[in-house]
Amino acid sequence: MATKSDNADLKSDKSKESLDDAWAIRPCHLYKEEYDDCTSFKARFHQYFIFGKDTDCSQWLTDYRNCERYQQSNGNDVAAGQAVIKSEEERRRIRLRSHFANDTWEKRKEPPLDWAAPLPDWMEKRNENTYLELKQKELSGQAAPKGEERSLCTVM
């Protein structure tokens, strides 16, 4: 037979059951807007033009319903929240598939050692008296800020 302390431990474990990735759940109205956009006439025409067929928009509606269930339960319907998070992870995985499959460039762990080196002379000369250089000097305190010159010319 379970003691009171065992029951208290079980209750505290259930209350701790929350979503670690709850930040990934968008506001629910965005899922509805995505579904409405996906099923609009304009989107259907675009899908037919690009893919030759309509795309499946049902996942947006499923996510909307799960998000609503999760929000209305004040985060207690963990299964609905997990379903939305899983869907978001899948969406992110599909979006970044090309990025991770790209083996053309070597990904850096840290910036190059000389990333803050001064610009070459030819580039310094080319950038002389540009708006960007003047603003940089103002921000760094090397030059006094200039007021805008205004012309009070009128055409009669």
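Under the annotation held in an unreviewed UniProt entry, the protein chain carries the name Synaptic plasticity regulator PANTS and is attributed to Drosophila yakuba. Under the UniProt heading Subcellular location (unreviewed entry), the entry covering the protein chain gives this text: "Synaptic cleft". Here the protein chain is described in UniProt, under the heading Sequence similarities (unreviewed entry), as follows: "Belongs to the UPF0545 family."

*Asks:* Would you mind showing me how to read the state of the cysteines here?
*Replies:* Each disulfide consists of one covalent bond between the sulfur atoms belonging to two cysteines. What the rule picks out here adds up to two disulfides. Here Cys28 connects covalently by a disulfide to Cys67, the sulfurs 2.0 Å from one another. Taking the sign of the S-S torsion, about -85° here, the bridge from Cys28 to Cys67 comes out left-handed. Separated by 39 residues along the polypeptide, Cys28 in helix α2 (residues 28-38) and Cys67 in helix α4 (residues 58-72) bring together distant segments of the chain. As far as the burial class goes, Cys28 and Cys67 line up, both buried.

*Asks:* It is not clear to me how the side chain of Ser87 should be interpreted in this structure. Could you clarify?
*Replies:* With respect to the helices, strands and loops of the structure, Ser87 is situated in helix α5 (residues 78-101). One polar contact links Ser87 to Gln59, side chain to side chain, over a distance of 3.2 Å.

*Asks:* Please explain the nonpolar core as it appears in this structure.
*Replies:* Nonpolar side chains tend toward joint burial in soluble globular proteins. Judged by nonpolar contacts, the single largest core of 13 residues is most densely connected at Leu19, Ile25, Tyr31, Cys67, Tyr70 and Val84. Every element with two or more residues in this core is listed here: α2, α4 and α5. Per element, the largest residue contribution to this core is four residues, and it comes from α5. Among all residues touching Val84, those that are not within four sequence positions of it are Ile25, Tyr31, Asp63, Asn66 and Cys67.

*Asks:* Looking at this structure, how should I read the environment of Asn76?
*Replies:* If you trace the backbone, Asn76 turns up in the loop between α4 and α5. Separated by 57 residues in sequence, Asn76 and Leu19 have C-alpha atoms that sit 9.7 Å apart.

*Asks:* Whenever I open this one, unusual backbone geometry confuses me. Can you help?
*Replies:* Comment: phi is negative for the bulk of residues other than glycine, and the bulk of peptide bonds are trans. Phi at Asn74 takes a positive value of approximately 55°, unusual for a residue other than glycine. Looking at the secondary structure, you find Asn74 in the loop between α4 and α5. Judged by its relative accessible area of 69%, Asn74 falls in the exposed class. One non-glycine residue, Asn129, adopts positive backbone phi at about 60°. With respect to the secondary-structure elements, Asn129 resides in the loop between α6 (121-126) and α7 (131-140). Assessed through its relative accessible area of 63%, Asn129 is described here as exposed.

*Asks:* When you look at the packing of aromatic side chains in this model, what are you seeing that I'm missing?
*Replies:* Any aromatic ring pair is given by two values, namely how distant the centres are and how the planes are angled relative to each other. Applying the stated rule across the entire model yields one aromatic pair. Each ring, one from Tyr31 and one from Trp60, has its centre 6.4 Å from the other, and the planes form 40°; the classification is tilted. With Tyr31 in helix α2 and Trp60 in helix α4, the pair connects residues that are 29 residues apart, well separated along the chain. Since its relative accessible area comes to 0%, Tyr31 is described here as buried. Over the ring of Trp60 we find Arg91, and its NZ or CZ is 3.8 Å from the ring centre.

Definitions and limits used
- In every chain, residue numbers begin from 1 and rise along the written sequence.
- Local features are withheld for residues below a pLDDT of 70 in this predicted model, meaning they are given only at 70 or higher, and side-chain atom pairs are given and counted only at 80 or more; totals for whole chains, interfaces and linings count all residues.
- With hydrogens and water stripped out, all remaining heavy atoms of the structure feed into the side-chain values.
- UniProt positions are given in the numbering used here, feature names are shortened, and annotations may be inferred rather than shown by experiment.
- We call a pair of cysteine sulfur atoms a disulfide when they lie within 2.5 Å.
- Secondary structure elements follow DSSP: runs of H or I no shorter than four residues count as helices, runs of E no shorter than two count as strands, and numbering proceeds from the N terminus.
- Whether a residue is buried, partly exposed or exposed follows from its accessible area with a 1.4 Å probe, protein chains only, as a fraction of its type maximum: under 20%, in between, or over 50%, in that order.
- Any pair of N or O atoms that falls within 3.5 Å is considered a polar contact. Within protein, one atom must be able to donate a hydrogen and the other to accept it, and sequence-neighbouring residues count only if both atoms are side-chain atoms.
- Throughout, nonpolar core names a set of buried Ala, Val, Leu, Ile, Met, Phe, Trp, Tyr and Cys residues whose side chains join them through atoms within 4.5 Å.
- Contacts are residue-level and defined by heavy atoms, with any inter-residue pair within 4.5 Å sufficient.
- Note on aromatic pairs: the rings of Phe, Tyr and Trp (six-membered ring only in Trp) are paired at centre separations within 6.5 Å, and the planes decide the class, stacked below 30 degrees, edge-to-face beyond 60, tilted for the rest.
- Placement of a charge over a ring requires the Lys NZ or Arg CZ to be within 6 Å of the ring centre, with the centre-to-atom vector within 35 degrees of the ring normal.

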